[in-house]
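Coordinate inspection notes
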Amino acid sequence: MNSTAISFPFKSEPDRPVHIRNFCIIAHIDHGKSTLSDRLIQATDAVPDRLFRDQVLDSMAIERERGITVKLQTVRLNYRNHLGSDFQLNLIDTPGHVDFAAEVARSLAGCDGAILLVDATQGVQAQTVAVLRAAHRQGLTILPVLNKVDSPGADIESALAELDALEGVDAAGALLVSAKTGQGIPELLEAITTQLPPPSGDPRSPLRALVFDSHYDPYQGAVMHVRIVDGALAHGDSMQLMSNNLELEAVEVGHFTPQPIAALGLSNGEVGYVVTGVKDVAALRVGDTLTGFGLAATEPLLPYDEPAPMVFASLYPLDARHLNTLREGIAKLALNDAALRFTPETSTALGAGFRCGFLGMLHLEIVRERLLREFSVEVIASSPSVPYQARLVNGEVIAVDGPMQFPQVQQFHSALEPFVSVSLHLPHDRVGPVMEVCQSHRGEYISLTYASANDAVLMSFPCRRALSRRSSCAKIFHHFARAPWRRGSKAVFRPSDALLNDVGIALHGEWARVISRPGFSRRSWGSERHHTQSSGKSSNQVKGSAPHRWR
């Protein structure tokens, strides 16, 4: 489908592309979002039957193996409604896990509406509320949908009551579907065209396009995923990024079906991609505004919320010869993962590597797995930690995101650890037991809001309690917590009573990566810190030591 405008008999605004709908599906993990995307693709014949497979938008093998969505994916659906009018539906598939909240933020930025998907067997859950509030901040129109209504365990009335209790959601207009069987899919497609708004923008204004995602192609270089807000973009146009005035050329323009299809251009309201041939991935930034070169816009588009990393770990190549490959791999992953931060660092024991920031433990696991699969780099990862602060004896407070940055005992006064406010959305009968578990993990009660569906408990937690995925506190976060960190949100640092498991290893008189042994407390740090000299010994003697862990 090319970018030529299509005429419809019901155009109410001459400059508004009423035949386009840009929307995403937001839901808690395992509520059937990927399956619903499959049914919408099948219903519109976007993918031939011979090429179709389950989870067709999950392009990475790791996504299909784990049954989760890691990367957002765009697909254009051509749909003809019951009146015979043709529509262009741009679906942006989004992850459901809290560790990939950055992908959700990007999806919302490129949309005008959202399908709020709720599992009829489980009801409204934490991430449902979290993403819904993010969608409200973006000004998106919400279309509530109840999934798995054919399941024997479905409680439709209870789920509708929980939907109705959500702010800004009218449960009376909720659609009942089964993504597994296809029940209600035709009605959902009609509702998308009638209840979700068309994109706004001025087609006669200078080009303004939001870069909401990007990826690296070994042959084409950096490929930007864009939403055209104002103006139009054609093949061969000169353009520039408003953040750094980098001049670019549209080598290729097109859209996803979900495979990339080249087109003559993209017009106002459309979603697609643009190939620039840029090989320097650091020059492009997701969230930037793309405009014309020469005839440029004066105001950039407003950026969207980007979650800040709250878990840090060091990555070192297992083979030191792969350091450059590791550097390139992390840079290319960071190109379309704005929550991934990295800085070079050097360890005496492990050599050169990178200190990386992640949104959570699953985010860390996925990055390690992608480095191995996509770039053939096996890495050694230090134990994850959260950013700390250290107060010195002279009153100065310094940032510490790794054990090697901790000050010497003569300068150290006290440690400060980050606390965040976490909103737990709980059934009425679980409020008491969950609060007891949280308080046993140093959680502090702030407030309790009663609702007809789930009660919202606001508590303050030390960030490190979420590091172990097997802990009861981390499991509570996974099932009931609303993601608290986004751009502008700041952790509050408080005095820490944590045990600092700190045994120093010095190789030839230089400090190496810190390792640990259980039960080493901060009180005994000054008297029991050992400088183990390994003169004449190789680093292989400490190979079996456990990595440092902040408890």
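Refer to the structure above for everything that follows.
Below or above, wherever it landed, is the structure these notes cover. (Residues numbered from 1 in each chain as written. Predicted model: local features only at pLDDT ≥ 70, side-chain atom pairs only at ≥ 80, totals over all residues. Heavy atoms only, no water.)

Focus on the sheet that holds strand 12 (residues 252-256)
How we decide: A pair of strands counts as paired when DSSP detects no fewer than two bridges linking them. Going along the chain from the N terminus, every DSSP run of H or I of four or more residues is numbered as a helix, and every run of E of two or more is numbered as a strand. The angle between two axes is taken between their N-to-C directions and runs from 0 to 180 degrees, where each axis is a line fitted to C-alpha atoms and a helix contributes only its stretch in contact.
With antiparallel pairing, 8 strands are arranged side by side in an open sheet as 11-10-16-7-8-15-12-13. With partners counted over all chains shown, the strands left at the sheet margins are strand 11 (247-249) and strand 13 (260-263), one partner each. With direction set aside, neighbouring strand axes in the sheet form an average angle of 40°. As paired strands, strand 10 (residues 238-241) and strand 11 are joined by 3 bridges and run antiparallel to one another. Bridged to Ser238 within strand 11 is Glu249.

Side note on the sheet that holds strand 5 (residues 141-147)
For clarity, the cut-off: A contact between two residues is defined here by any heavy atoms of the two lying within 4.5 Å.
What the 6 strands build is an open sheet, ordered 2-3-1-4-5-6; its pairing is mixed. Two strands bound the open sheet, and with one partner strand each, they are strand 2 (73-80) and strand 6 (175-176). The sheet contacts of helix 6 (residues 185-195) involve strand 1 (20-26), strand 2, strand 3 (86-93), strand 4 (113-119), strand 5 and strand 6, and relative to strand 5 the element is tilted by about 170°.

Remarks on the pattern of salt bridges
The line we're drawing: Should a side-chain nitrogen of Lys or Arg be within 4 Å of a carboxyl oxygen of Asp or Glu, the pair is scored as a salt bridge. Type-normalised accessible area, obtained with a 1.4 Å probe on protein chains alone, sets the label of each residue: buried when under 20%, exposed when over 50%, and partly exposed for intermediate values.
All chains considered together, the criterion is met by 8 salt bridges. A salt bridge links Arg227 to Asp112; the shortest N-O distance between them is 3.2 Å. With Arg227 in strand 8 (residues 221-230) and Asp112 in the loop between helix 3 (101-109) and strand 4, this pair connects stretches of sequence that are 115 residues apart. Note on accessibility: Arg227 and Asp112 belong to one class, buried.

Regarding the packing of helix 7 (residues 323-335) against helix 8 (residues 361-375)
Stated formally: By definition, turning the near helix anticlockwise from the far helix through less than a right angle yields a left-handed crossing, and turning it clockwise yields a right-handed one. Gly falls in the polar group here, along with every residue not listed as nonpolar (Ala, Val, Leu, Ile, Met, Phe, Trp, Tyr, Cys, Pro) or charged (Asp, Glu, Lys, Arg).
One way to put it is that helix 7 packs onto helix 8 with a least axis distance of 10 Å and a crossing angle of 115°. Pair helix 7 / helix 8 crosses with right-handed handedness. Where helix 7 abuts helix 8, its residues Thr325, Leu326, Gly329, Ile330, Lys332 and Leu333 lie against Val367, Arg370, Leu371, Glu374 and Phe375. Looking at the contact of helix 7 with helix 8, its residues break down into 6 nonpolar, 2 polar and 3 charged.

Things to note about the packing of aromatic side chains
Each aromatic ring pair is characterised by the separation of its centres together with the angle its planes make. Cut-off, in case you're wondering: Working definition: a ring pair exists when centres of Phe, Tyr or Trp rings (six-membered ring for Trp) sit within 6.5 Å. Plane angles under 30 degrees give stacked, over 60 give edge-to-face, the rest tilted.
The final tally for this structure, using the stated rule, is 2 aromatic pairs. Taken together, a centroid distance of 5.1 Å and an interplanar angle of 45° make the contact between Phe256 and Tyr273 tilted. Here Phe256, found in strand 12, pairs with Tyr273, found in strand 15 (residues 271-275); they are 17 residues apart in sequence, far enough to count as distant. Here Tyr273 falls in the buried class, since its relative accessible area comes to 2%. Plain terms: the ring middles of Phe342 and Phe354 are 6.0 Å apart, the flat faces sit at 75° to each other, and that makes the pair edge-to-face. With Phe342 in strand 18 (residues 341-347) and Phe354 in strand 19 (residues 351-358), the pair connects residues that are 12 residues apart, well separated along the chain. Overall, the relative accessible area of 29% leaves Phe342 in the partly exposed class. Take Phe354: its relative accessible area is 1%, and that puts it in the buried class.

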